[in-house]
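Topology and contacts: notes
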Amino acid sequence: QKLVIIGDSLTEGYGVSAQQSFPTKLEEKLKLAGKNWKVTNHGISGSTSASAPSRIRWVLKNPPDLVLLALGAN
């Protein structure tokens, strides 16, 4: 199953390695729980809620099973 996370710098993992980013850590936790999810990081540093509609349309061109929208945390 495929989960896409659309977010800002917190999702992207700004300032940390890719292995320490939220999407990577979430995928690890899901695997430990016996769930076979592929988590894709669509976090962009500096992204705002205003860009969400166009980013969601782009992601839905190849529909994932689930989209997690994580904007507005800053």
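Anything mentioned here points back to the structure above.
Being a predicted model, the structure only gives us computed values, none of them experimental. (Residues numbered from 1 in each chain as written. Predicted model: local features only at pLDDT ≥ 70, side-chain atom pairs only at ≥ 80, totals over all residues. Heavy atoms only, no water.)

Turning our attention to helix H3 (residues 52-59). Residues of H3 that are buried: Ala52, Arg55 and Val59. An end-on view of H3 places all buried positions within 65° of arc, on one side of the element. Summarising the geometry of H3, the exposed residues directed more than 90 degrees from the buried face are Arg57 and Trp58. In the core, the buried residues of H3 are packed alongside strand S1 (2-7), strand S2 (38-43) and strand S3 (66-70). (Buried < 20%, exposed > 50% of the residue type's maximum accessible area, 1.4 Å probe, protein only. Helix = DSSP H or I, 4+ residues; strand = E, 2+ residues; numbered from the N terminus. Arc of directions from axis to C-beta. Contact = heavy atoms within 4.5 Å.)

Moving on, we come to the sheet that holds S1. Across the sheet, 3 strands lie side by side as S2-S1-S3; this open sheet has parallel pairing. Every other strand in the sheet has two partners, leaving S2 and S3 as the edge strands with one partner each. Taking the axes of each pair of neighbouring strands and ignoring which way they run, one obtains an average angle of 20° across the sheet. Alignment of S1 against S2, held across 6 bridges, turns out to be parallel. The partner of Gly7 across the bridge, within S2, is Gly43. Here helix H2 (residues 22-32) sits on the sheet in contact with S1, S2 and S3, set at roughly 165° to S2. (Pairing = 2+ DSSP bridges. Axes fitted to C-alpha atoms, helices over the stretch in contact; angles between N-to-C directions.)

Core analysis: the largest hydrophobic core is formed by 5 residues, namely Leu3, Ile5, Leu30, Trp37 and Val39. With residues near it in sequence (within four places) discarded, Leu30 still touches Lys35, Trp37 and Val39. (Core = buried A, V, L, I, M, F, W, Y, C linked by side-chain atoms within 4.5 Å.)

If you check which residues of H2 are buried, you get Pro23, Glu27 and Leu30. Buried positions in H2, seen along its axis, are confined to an arc of 65° and lie on one side of it. Among the exposed residues of H2, those oriented more than 90 degrees off its buried face are Lys29 and Leu32. In this structure, the buried side of H2 is in contact with S1, helix H1 (9-12) and S2. Gly34 sits one or two positions beyond H2 and adopts a positive phi of about 85°.

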